[in-house]
Amino acid sequence: MAKKWRQQLTRWITNNIELPPDVMMDLPRITMVGQLHIYIENHRGLLTFTDTELRLLLKQGQLLIKGEAFVIKTILPEEILLEGKINQVLYLDES
């Protein structure tokens, strides 16, 4: 009950103060440039990396990126820049 109330309050504050949802609700921000680059901010850590797959931990669930010839160009505690041919971006719910 308290978690649901907190989520409603956070949404209300986000809508009324006009702050970006990714800041207020701790959501990832994903920026793609075609199929060549993907930049993810506000993740919780790298779970898996191969030349065809990248899996990141999020606050709620995971992000799975599939493709070919992946190279991590930049990796910081909460940011990652991935290059390669991106075929799929999947959000895996925590349930």
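Our subject is the structure that appears above.
How each quantity is defined
- Residues numbered from 1 in each chain as written.
- Predicted model: local features only at pLDDT ≥ 70, side-chain atom pairs only at ≥ 80, totals over all residues.
- Heavy atoms only, no water.
- Pairing = 2+ DSSP bridges.
- Helix = DSSP H or I, 4+ residues; strand = E, 2+ residues; numbered from the N terminus.
- Patch = residues over 30% accessible without salt bridge, like charges linked within 9 Å, V, L, I, M, F, W, Y side chains within 5 Å.
- Areas by Shrake-Rupley, 256 points an atom, 1.4 Å probe, with all protein chains shown as cover.
- Salt bridge = Lys/Arg side-chain N within 4 Å of Asp/Glu carboxyl O.
- Core = buried A, V, L, I, M, F, W, Y, C linked by side-chain atoms within 4.5 Å.
- Buried < 20%, exposed > 50% of the residue type's maximum accessible area, 1.4 Å probe, protein only.
- Contact = heavy atoms within 4.5 Å.
- Axes fitted to C-alpha atoms, helices over the stretch in contact; angles between N-to-C directions.

Visitor: Can you explain the pairing of strand E3 (residues 45-49)? Please cite residues and give values.
Guide: By the bridge criterion, four bridges tie E3 to strand E4 (residues 53-57) in an arrangement that is antiparallel. When the bridges of E4 are listed, Gly45 appears paired with Leu57. Taking the residues that link successive antiparallel strands as the turn, the E3-E4 hairpin has three residues.

Visitor: Outline a nonpolar patch on the surface, supporting the account with residue identities and numerical values.
Guide: A cluster of nonpolar side chains, namely Ile30, Met32 and Val89, defines an oily patch on the protein surface of about 220 Å² accessible area. Locating Met32 in the fold gives a position in strand E1 (residues 29-33).

Visitor: Could you give an account of the nonpolar core, naming the residues involved and the relevant values?
Guide: One recurring pattern in soluble globular proteins: nonpolar side chains tend to sit buried together. Grouped together as the largest cluster of nonpolar side chains are eleven residues: Ile38, Ile40, Leu54, Leu56, Leu58, Leu63, Ile65, Phe70, Ile80, Leu82 and Ile86. Of all the secondary structure elements, the ones that give two or more residues to this core are strand E2 (37-41), E4, strand E5 (62-76) and strand E6 (79-92). Those residues in contact with Ile86 that sit more than four places away from it in its chain are Met32, Gln35, Leu36, His37, Ile38, Ile65, Lys66, Gly67 and Phe70.

Visitor: Describe the sheet that holds E1, with residues and values.
Guide: Remark on secondary structure: sheet strands pair via backbone hydrogen bonds, oriented parallel or antiparallel. In space, the six strands of this open sheet follow the order E1-E2-E6-E5-E4-E3, with antiparallel pairing throughout. The sheet terminates laterally at E1 and E3, the two strands that pair on one side only. Across the sheet, the axes of successive neighbouring strands diverge by a mean angle of 45°, strand direction being ignored. Here E1 pairs with E2 via five bridges, running antiparallel. By the bridge assignment for E2, Ile30 is matched with Ile40.

Visitor: Which residues make up the pairing of E2, and what values go with them?
Guide: Burial along E2 is one-sided: Ile38 and Ile40 are buried, and none of His37, Tyr39 and Glu41, which face the opposite way, are. Here E2 pairs with E6 via five bridges, running antiparallel. Each bridged residue has a counterpart across the sheet, and for Tyr39 the counterpart in E6 is Leu81.

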